[in-house]
Amino acid sequence: MGNSGNRIQIMKKLCIIILLINPVISFAQEDKGKIYIDKANTLFKQKNYNMALLTYREALNFDVNKAVVYYNMANLYFILDKPWVSIIYYKKVIKLAPEFINSYLNIAKLQYKINEYQEAISYTRLALKIKPNNEECLLLLGSCFMRIGAFPEAVYYFEKAKDIYPYKSTAYYMLAEVYIEILDYDSAISVMEGAAEIAKNSIQIHSYLGELYYTTSNIEKAINTYEYIIERKKDEKFAYYRLSDCYIKNGQKFLAIDTLERAIENNPDYIDAYISLGNIYFEDDFLDEAEKIFIKAAVIDQERVQVYIKNLGITYYNRNESEKLKALYLKTLKISSTLALVIRRYITI
């Protein structure tokens, strides 16, 4: 009985010791795990991805939030272009944290990236169950359906995203792209006109709309749109370029010239404006004006202008205008000997 009583007393003492020690062990492991995670996070930020992966693996040996570690590892494999491994780790996160929407969404994005559109649709729908009106989910679903040619479904999800988030532009662009894909330009224009009405100061939206007008030969509306853009952003180069083209298509060449001159005034190094302006003068046989523009352009980018200088020289040569040809040679020589060689072959000095 004495020995039995002693054993009971010893066991009680051991239980007390274990109860006291276990929390210490748990906290110690948690602290060490946190150290590894912090180190891995730092390596991640430093783009030392392989070492970050190894360090996250070390952290898993301790009492840590495994869902967080797996999620970071999945992100790393995504960056390292190992989508299948990344998917495995996102699935591990789903088992541990089934309500975490990003895991489903990231799997869907990866499946989309590797052209597994049906799988992407399945995982996006799971994400959408967690957060029914998530914009990213709606846009991704629309994109998947667009890729597989299911255009009515694509329209449905892009429309839904547009209606829920009317002040965000992405859904408008994507919806317009669907309509363009099925050659329904009227609907594409209608969508982007709605976007432009909401975002009156968005240069990007108005530029897109201008291109739709231009593509569908709605020249008057294209002109109004590009003038609207220039009024708000005087250094918007492409708007000048496209506007001048619209005026030419509309038979308003003097307005095209005026537009290109405005483009140069507001963007002194805009080489495309010089070339377009020079070509208008050249085609209308105003060679002196064309020469002035091309010489100015050559100072900015002689390589781009070389062919136009050459055409001018050939024209002078064919017309036996030797003095003009020599003068052009001397002007180009002041810019560079390489450019002058383009003219030199046509003259004897």
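Below or above, wherever it landed, is the structure these notes cover. In this text, all values refer to a predicted model and were calculated from it rather than measured experimentally. Note on numbering: residues in each chain are counted from 1, in written sequence order. Local features in this predicted model are restricted to residues of pLDDT 70 or higher, and side-chain atom pairs are both shown and tallied only at a pLDDT of 80 or more, whereas totals for entire chains, interfaces and linings draw on every residue. Hydrogens are left out, water is left out, and the side-chain values use all remaining heavy atoms of the structure.

1. As for the side chain of Ser-336
Inference 1: Secondary structure is summarised from DSSP: a helix means a run of H or I of at least four residues, a strand means a run of E of at least two, and numbering begins at the N terminus for each. Along the chain, the position of Ser-336 falls in the loop between helix 18 (322-335) and helix 19 (337-344).
Inference 2: Overall, the relative accessible area of 13% leaves Ser-336 in the buried class.
Inference 3: Engagement of the side chain of Ser-336 in a polar contact is seen with the backbone nitrogen of Leu-339, the distance being 3.1 Å. Note on classification: 1.4 Å probe, protein chains only; a residue is buried when its accessible area is under 20% of the maximum for its type, exposed when over 50%, partly exposed between these limits. Counting of polar contacts relies on pairs of N or O atoms within 3.5 Å, with two restrictions inside protein: one atom must be capable of donating a hydrogen and the other of accepting it, and residues adjacent in sequence are counted only when both atoms are side-chain atoms.

2. Things to note about helix 16 (residues 287-300)
Inference 1: Working rule for helices: expected span equals 1.5 Å times residues minus one. The end-to-end C-alpha separation of helix 16 is 20 Å, in line with the 20 Å expected for 14 residues at 1.5 Å each.
Inference 2: Regarding helix 16, the residues found buried are Leu-287, Ala-290, Glu-291, Ile-293, Phe-294, Ile-295, Ala-297 and Ala-298.

3. Points about the pattern of salt bridges
Inference 1: A side-chain nitrogen of Lys or Arg and a carboxyl oxygen of Asp or Glu constitute a salt bridge if their distance falls within 4 Å. Counted according to the given criterion, the structure contains 21 salt bridges.
Inference 2: Lys-34 is the partner of Asp-38 in a salt bridge, and the nearest nitrogen-oxygen pair spans 3.0 Å. In this pair, Asp-38 and Lys-34 both sit in helix 1 (residues 2-45), four residues apart, roughly one turn of the helix.
Inference 3: Taking relative accessible area as the criterion, Asp-38 reaches 36% and is therefore assigned partly exposed.
Inference 4: Between Arg-232 and Glu-231 there is a salt bridge; the shortest N-O distance is 3.7 Å.
Inference 5: Take Arg-232: its relative accessible area is 39%, and that puts it in the partly exposed class.
Inference 6: Its relative accessible area of 57% is what places Glu-231 among the exposed residues.
Inference 7: Among the charged side chains, a salt-bridge network with shared partners connects Glu-159, Lys-162 and Asp-163.

4. What about the nonpolar core?
The tendency in soluble globular proteins is for nonpolar side chains to be buried as a group.
Inference 1: Membership of the largest hydrophobic core comes to 112 residues, with the highest contact counts inside it found for Tyr-56, Met-73 and Met-192.
Inference 2: The dominant element in this core, judged by the number of residues it contributes, is helix 3 (residues 66-79), at eight residues.
Inference 3: Should any heavy atoms of two residues lie within 4.5 Å, those residues are counted as being in contact. With sequence-adjacent residues up to four places away left out, Tyr-56 is seen in contact with Ile-37, Ala-40, Asn-41, Phe-44, Val-69, Asn-72, Met-73 and Leu-76. We define a nonpolar core as any set of buried Ala, Val, Leu, Ile, Met, Phe, Trp, Tyr and Cys residues linked to one another through side-chain atoms lying within 4.5 Å.

5. Quick notes on the packing of aromatic side chains
Inference 1: Pairing of aromatic side chains requires ring centres within 6.5 Å, counting the rings of Phe and Tyr and the six-membered ring of Trp. Pairs whose planes differ by under 30 degrees are stacked, by over 60 edge-to-face, and all others tilted. Under the defined criterion, the tally for this structure stands at 13 aromatic pairs.
Inference 2: Residues Tyr-70 and Tyr-89 carry aromatic rings whose centres are separated by 5.8 Å and whose planes lie at 50° to one another, so their mutual orientation is tilted. Here Tyr-70 is found in helix 3, whereas its partner Tyr-89 is found in helix 4 (residues 83-96), with 19 residues between them in sequence.
Inference 3: Arranged with centres 5.5 Å apart and planes meeting at 20°, the rings of Tyr-77 and Tyr-89 form a pair that is stacked.

6. Description of unusual backbone geometry
Leaving glycine out, the prevailing phi sign among residues is negative, and the prevailing peptide bond configuration is trans.
Inference 1: Residue Asn-115 is not a glycine yet carries a positive backbone phi of 65°.
Inference 2: The topology assignment puts Asn-115 in the loop between helix 5 (101-113) and helix 6 (117-130).
Inference 3: Positive phi values are uncommon outside glycine, yet Leu-183 reaches one of about 65°.
Inference 4: Here Leu-183 lies in the loop between helix 9 (170-181) and helix 10 (185-198).
Inference 5: Taking relative accessible area as the criterion, Leu-183 reaches 61% and is therefore assigned exposed.

7. Describing the environment of Arg-125
Inference 1: With respect to the helices and strands, the residue Arg-125 is situated in helix 6.
Inference 2: With relative accessibility at 40%, the residue Arg-125 sits in the partly exposed group.
Inference 3: Between the C-alpha atoms of Arg-125 and Ala-108, which are 17 residues apart in sequence, the distance is 9.2 Å.
Inference 4: Those residues within four positions of Arg-125 in sequence are excluded, and the remaining contacts are Leu-141, Phe-145 and Tyr-157.

8. A few points about the side chain of His-206
Inference 1: In this fold, His-206 is placed in helix 11 (residues 203-215).
Inference 2: Looking at His-206, the relative accessible area reads 7%, which means it is buried.
Inference 3: Setting aside its immediate chain neighbours within four residues, His-206 contacts Ala-196, Ala-199, Lys-200, Thr-225, Tyr-228 and Ile-229.

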